[in-house]
Amino acid sequence: MVILGAGPAGLVLGNLLHGSGIDCVILERASRAHVQTRARAGFLAANTARVLERHGLAEGLRRRGQEHSVCEFRTEDGRFRLDYSLLGRGERHTVYPQQDLVTDLLTRFLDAGGRIRFGTEAVAVLGADSARPSAAVREADGHPRRWQARYVAGCDGRRGAARRSLPPGAVHRHHRDHGVSWLGLLAEAPPSLDAVGYAVHPRGFAGHMARSPEVTRYYLQCERGSSANAWSQDRIWDELALRMRATDHGPLRRGRIVQRSVVDLESDVLEPLRHGSLFLVGDAASVISPSAAKGANLAVLEAEILARALIDDLVRGDPEPLDRYSAQCLTHIWRAQEFSHWMIRLLHDTPGPDGDRSFQAALRRSRLESLRTSRTHQDWFAENYVGV
Ligand code: FAD
């Protein structure tokens, strides 16, 4: 089995297959140091923690993860909080930085004797419509090589070789550009509130998400096409304080901004997630905007579904679960996409025809009011917010 990419999807898949005695290799373009320090997700859903627990991969999460269950909305009408552990299915998030999860999964895989080739870039997947597909790669020393296997798992993200190798017409790409961009920021600063903060402001959305007692992620809605470096540190903090209404609700704890990037909010789903012997997993299968923090959670869920199906096929000789892989994952993916889309419309004015802006703003206000006051709406929110 060849696995492309050592992100959450590839590493969960690799650990589960290796643990079941299936010979596999993970081919990763970046260095070990790079994948272990790439800060991205942080909010892990209850089901993600259960998957990791089930396979003995949750030790770090259990020891260092922080349970989280409150979000706070700030609007022109004031603020309100939802404790989602008391709503819906009563589940919580675990806050655990993605780079720590990746480090745990990597260490576990290597300690168990798993094979990873860092600095190895997949260039193409060849023969996916045959029973002997292969990955053509450029090795760390620049030499080309082919890795052949019974199956290839594309866990190499949205710009990886797996997607690029799909022949025209093999899959349909559903795509939506939500027309909204965020400046994603990582600050060396303790969280400013004990909740995820969502601020809806006439100047645009601002978000606050704890990552650890010393590090906090912030988001600022920005103009499409903005440069991440166009904002000075002072301007970022002043704008965050303004949109989060710090004067009314308490000051922000400022610190050095150590990472920044502009994220265009997009949704992208491929269908089906299998082409012959090639399977798509995680961001290679679907990209979801970070508005609902679902991407890493979907990646872990899909990796477990694929691992189980591959074990059924390769160990027990039952190919049927593999045939169901795509449909099973797409059910979860579309549910997450629907919720993420709903969150985008709750938190922003999205572009529309003339006159639409005030209509959208009024709808958004009404949605927020319903979320503040309706227990039924809150239960639905909680179930979808923590769930994948
Ligand atoms: P990746 O993590 O992208 O891993 C793919 C791997 O493949 C990488 O290591 C890459 O180097 C490697 N690779 C790429 N091309 C090749 C190639 N050609 N050959 C070999 N290797 C290759 N999700 C959440 O669930 N919660 C959150 O709170 C959250 N916050 C986010 C915040 C930000 C700013 C961003 C950008 C994303 C966030 N996400 C969040 C999304 C989440 O990080 C991704 O969905 C997740 O990383 C997907 O995992 P993956 O394993 O599919 O892909």
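As shown above, the structure is provided for reference.
Rules used in this analysis
Residues numbered from 1 in each chain as written. Predicted model: local features only at pLDDT ≥ 70, side-chain atom pairs only at ≥ 80, totals over all residues. Heavy atoms only, no water. Helix = DSSP H or I, 4+ residues; strand = E, 2+ residues; numbered from the N terminus. Rg over C-alpha atoms; globule rule 2.2 N^0.38 Å. Buried < 20%, exposed > 50% of the residue type's maximum accessible area, 1.4 Å probe, protein only. Contact = heavy atoms within 4.5 Å. Areas by Shrake-Rupley, 256 points an atom, 1.4 Å probe, with all protein chains shown as cover. Lys, Arg positive; Asp, Glu negative; His and termini not counted. Charge placed at Lys NZ, Arg CZ, Asp CG, Glu CD. Expected span 1.5 Å × (residues − 1). Bend = angle between axes of the 7 residues up to and from the residue. Pairing = 2+ DSSP bridges. Axes fitted to C-alpha atoms, helices over the stretch in contact; angles between N-to-C directions. Parallel < 35°, antiparallel > 145°, perpendicular 65-115°, else oblique. Nonpolar A, V, L, I, M, F, W, Y, C, P; charged D, E, K, R; others polar. Core = buried A, V, L, I, M, F, W, Y, C linked by side-chain atoms within 4.5 Å. Polar contact = N/O pair within 3.5 Å; in protein donor to acceptor, adjacent residues only side chain to side chain. Salt bridge = Lys/Arg side-chain N within 4 Å of Asp/Glu carboxyl O. Near = heavy atom within 4 Å. Phe/Tyr/Trp six-rings, centres within 6.5 Å; stacked < 30°, edge-to-face > 60°.

Considerations on the overall build of the protein chain
Piece 1. Counting its regular elements, the protein chain contains 12 helices and 20 strands.
Piece 2. Compactness check: the protein chain gives a C-alpha radius of gyration of 21 Å against a globular reference of 21 Å for 388 residues, within 12% of the reference.
Piece 3. A total of 388 residues make up the protein chain; the buried ones form 56% of that total.
Piece 4. The contacts in the protein chain between residues at least 6 apart in sequence include a share of 70% that link residues at least 24 apart.
Piece 5. Carbon and sulfur atoms make up 47% of the accessible area of the protein chain, which amounts to about 16,500 Å² in all.
Piece 6. Counting 52 positive and 46 negative side-chain charges, the protein chain places the centres of these two groups 2 Å from one another.

Brief notes about helix H10 (residues 320-347)
Piece 1. The first and last C-alpha atoms of H10 sit 42 Å apart over 28 residues, in line with the 40 Å expected at 1.5 Å per residue.
Piece 2. A bend of about 35° at serine 326 is the largest found in H10.

Some words on the environment of glycine 60
Piece 1. In this structure, glycine 60 sits in helix H4 (residues 59-64).
Piece 2. The class of glycine 60 is buried, set by a relative accessible area of 6%.
Piece 3. Along the backbone, glycine 60 and aspartate 104 are 44 residues apart, and their C-alpha atoms lie at a distance of 6.7 Å.
Piece 4. Discounting chain neighbours no more than four positions away, the residues touching glycine 60 are Gly65, Tyr96 and Asp104.

Observations regarding the pairing of strand S5 (residues 70-75)
Piece 1. Of all 6 residues in S5, 6 are buried; the element is thus mostly enclosed.
Piece 2. Note: S5 against strand S6 (residues 78-83), 6 bridges, orientation antiparallel. In the strand pairing of S6, arginine 74 is matched with arginine 79.
Piece 3. Sheet topology places S5 next to strand S14 (residues 196-199); 4 bridges connect them, and they run parallel. Of the residues in S14, the one forming a bridge with cysteine 71 is valine 196.

Examining the packing of helix H11 (residues 356-373) against helix H12 (residues 375-386)
Piece 1. At their nearest, the axes of H11 and H12 sit 6 Å apart, and the two run at 95° to each other. Taken together, the axes of H11 and H12 lie roughly perpendicular to each other. For the pair H11 and H12, the contacting residues are Arg367, Ser370, Leu371, Arg372 and Thr373 in the first and Arg375, His377, Gln378 and Phe381 in the second.
Piece 2. A class-by-class count of the residues in the contact of H11 with H12 yields 2 nonpolar, 4 polar and 3 charged.

Examining the nonpolar core
In summary, soluble globular proteins display a tendency toward joint burial of nonpolar side chains.
Piece 1. Core analysis: the biggest nonpolar cluster contains 76 residues, and Leu13 and Leu17 have the highest contact counts within it.
Piece 2. Residue contributions to this core peak at 11 residues, all from helix H9 (residues 295-314).
Piece 3. Beyond its immediate chain neighbours, meaning those up to four positions away, leucine 13 contacts Ile3, Ala153, Cys155, Ala303, Leu306, Ala307 and Leu310.

A word on the sheet that holds strand S3 (residues 43-44)
Piece 1. Taken in spatial order, the 3 strands of this open sheet run S3-S7-S4, and their pairing is antiparallel. One side of each edge strand has no neighbouring strand; the edge strands of this open sheet are S3 and strand S4 (66-68).

Focus on the side chain of glutamine 378
Piece 1. If you trace the backbone, glutamine 378 turns up in helix H12.
Piece 2. Engagement of the side chain of glutamine 378 in a polar contact is seen with the backbone oxygen of arginine 372, the distance being 3.0 Å.

Observations concerning the sheet that holds strand S10 (residues 134-138)
Piece 1. A sheet is described by the order of its strands in space; here 3 strands give the open sequence S9-S10-S11, paired in antiparallel fashion. At either margin of the open sheet sits one strand with a lone partner, and together these are strand S9 (121-126) and strand S11 (144-148). Taken over all neighbouring pairs, the strand axes of this sheet differ in orientation by 25° on average, direction set aside.

A few points about the pattern of salt bridges
Piece 1. Scanning the model with the defined rule gives 34 salt bridges in all.
Piece 2. The salt bridge involving glutamate 139 is made with arginine 117; its shortest N-O contact spans 3.1 Å. Linking glutamate 139 in the loop between S10 and S11 with arginine 117 in strand S8 (residues 115-117), this pair joins segments that are 22 residues apart in sequence.
Piece 3. By relative accessible area, which is 12% here, glutamate 139 ends up buried.

Quick word on the site of the ligand
Piece 1. The environment of the ligand is formed by 34 residues, the closest being Glu28, Arg38, Gln98, Asp283 and Ala296.
Piece 2. A distance of 3.2 Å separates an oxygen atom of the ligand from a polar backbone atom of proline 8.
Piece 3. In this structure, asparagine 297 approaches the ligand through a side-chain N or O atom, which is 3.0 Å from an oxygen atom.
Piece 4. Relative to its unbound accessible surface of 1,000 Å², the ligand loses 93% to contact with the protein.
Piece 5. Looking at the shell around the ligand, the elements that each hand over two or more residues are helix H1 (8-19), S9, strand S16 (216-222) and H9.
Piece 6. Among the elements that make up the shell around the ligand, the one with the highest residue count is H9 (4 residues).
Piece 7. For the shell around the ligand, the per-class residue count stands at 14 nonpolar, 10 polar and 10 charged.

Some details on the packing of aromatic side chains
Piece 1. Per the counting criterion, the structure on display carries 18 aromatic pairs.
Piece 2. Note on tyrosine 151 and phenylalanine 279: the rings are 5.7 Å apart at their centroids and 70° apart in plane angle, and the pair reads as edge-to-face. Taken together, the residues tyrosine 151 in the loop between S11 and strand S12 (152-154) and phenylalanine 279 in strand S19 (residues 278-280) connect sequence positions 128 residues apart. Taken individually, tyrosine 151 and phenylalanine 279 each receive the classification buried, so the pair is uniform in this respect.
Piece 3. For the ring pair tyrosine 198 and tyrosine 385, a centre distance of 6.4 Å and an interplane angle of 70° mean the geometry is edge-to-face. In this pair, tyrosine 198 sits in strand S14 while tyrosine 385 sits in helix H12, placing the two residues 187 residues apart along the sequence.

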